[in-house]
Amino acid sequence: MSLSSLSKEAATREKILDAAAKRVEAVGFSNTTLTSVAKSADLSRMTIYRHYASVEEVMQDLMTREFNGIVEHAVFEAPGQLDSIERGQIVEAVVSALDQLTRHPLFLRLLAADPELLIPYVTERHGRFQLRAQAVLEAAIKVAIEAGEVKDDDPARLAGSMILAMRGYALTDKSRWSKRERTAMLSDLTTMLDALLAPKGSL
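Please read all numbers here as calculations on a predicted model, not as lab measurements.

(A) Quick look at the overall build of the protein chain. When its secondary structure is counted, the protein chain shows eleven helices and zero strands. Looking at the protein chain as a whole, 43% of its 203 residues qualify as buried. Relative to all contacts within the protein chain whose residues are 6 or more apart in sequence, the contacts with residues 24 or more apart total 70%. Accessible surface, the protein chain as shown: approximately 11300 Å² in total, 52% of it carbon and sulfur.

Shown next, in the form of structure tokens:
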């Protein structure tokens, strides 16, 4: 396949994902079908089916596209090119990314209208977004351990524990929280994550 063909294919997939995002934010995932996405994207159903076999596959790609960058770019100024990082930077980046994620229109819509779509990725399996978040955190933690900023422990376990704490906050209904309550909860989470990563005797 030529580069121009690949670019056209990528552009079509982006158009599909854009249409799916608008559709889900408007009516929820349970009321979204490939046919409705095709109509919204002004594409034929055959074009949609060449790229996706189900609406669930569309959602996988959509969540990956929308959510991955939030965590990745919060930790890395240039993804994959991390030379040094302090413990406080990791914690601040994670809390900032979590705050951004839980304000994202797509995430809010899914949590409010279709929580069953998110729950399996907490109780049964990790989606691509969570796997990427884990990999990004592990990479940052490894660098911080070598610099003495984070305790000498298993980076994968530390990253996993951070993600567990993030899930609890992310999946809590915050619709009735005041700005003060949200700030206080994020402050508490910051304290918890810093304590998790801190070298022994540094607190």
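(B) Highlighting helix α2 (residues 34-41). Listed in full, the buried residues belonging to α2 are Leu34, Ser36, Val37, Ala38 and Ala41. Of the residues flanking the end of α2, it is Asp42, one or two places downstream, whose phi is positive at about 60 degrees.

(C) Spotlight on the environment of Ala195. By the secondary structure assignment, Ala195 is in helix α11 (residues 179-197). C-alpha separation for the pair Ala195 and Val91, spaced 104 residues apart in sequence, amounts to 9.9 Å.

(D) Seen up close, the packing of helix α5 (residues 87-101) against helix α10 (residues 155-170). Contact geometry for α5 and α10: axes closest at 11 Å, N-to-C directions at 30 degrees. Taken together, the axes of α5 and α10 lie roughly parallel to each other. As for the relative orientation of α5 and α10, their crossing is right-handed in sense. Judged by residue contacts, Ile90, Val94 and Leu98 of α5 engage Met162, Met166, Tyr169 and Ala170 from α10. Split into classes, the residues belonging to the contact of α5 with α10 amount to seven nonpolar, no polar and no charged.

(E) Structural view of the pattern of salt bridges. Throughout the structure, instances matching the rule amount to eight salt bridges. Where Asp194 meets Arg87, a salt bridge forms, and the shortest distance between an N and an O atom there is 2.8 Å. Separated by 107 residues along the polypeptide, Asp194 in helix α11 and Arg87 in helix α5 bring together distant segments of the chain. Between Asp99 and Arg182 there is a salt bridge, with the nearest N and O atoms lying 3.0 Å from each other. Taken together, the residues span a long stretch of sequence, with Asp99 in helix α5 and Arg182 in helix α11 at a distance of 83 residues. Overall, the relative accessible area of 18% leaves Asp99 in the buried class. Bridged by salt links that share partners, the residues Glu14, Asp18, Arg65 and Glu66 form one connected network.

(F) A look at the nonpolar core. Ranked by internal contacts, the top residues of the largest apolar core, which has 54 residues, are Met59, Ile90, Leu110, Ile141, Val150, Met162 and Leu197. Sorting elements by how many residues they give to this core places helix α9 (residues 128-146) first, with eight residues. Discounting chain neighbours no more than four positions away, the residues touching Met162 are Ile90, Val94, Leu137, Ile141, Leu193, Leu196 and Leu197.

The rules behind the values
- Residues numbered from 1 in each chain as written.
- Predicted model: local features only at pLDDT ≥ 70, side-chain atom pairs only at ≥ 80, totals over all residues.
- Heavy atoms only, no water.
- Helix = DSSP H or I, 4+ residues; strand = E, 2+ residues; numbered from the N terminus.
- Buried < 20%, exposed > 50% of the residue type's maximum accessible area, 1.4 Å probe, protein only.
- Contact = heavy atoms within 4.5 Å.
- Areas by Shrake-Rupley, 256 points an atom, 1.4 Å probe, with all protein chains shown as cover.
- Axes fitted to C-alpha atoms, helices over the stretch in contact; angles between N-to-C directions.
- Parallel < 35°, antiparallel > 145°, perpendicular 65-115°, else oblique.
- Left-handed = near helix turned anticlockwise from the far one by under 90°.
- Nonpolar A, V, L, I, M, F, W, Y, C, P; charged D, E, K, R; others polar.
- Salt bridge = Lys/Arg side-chain N within 4 Å of Asp/Glu carboxyl O.
- Core = buried A, V, L, I, M, F, W, Y, C linked by side-chain atoms within 4.5 Å.

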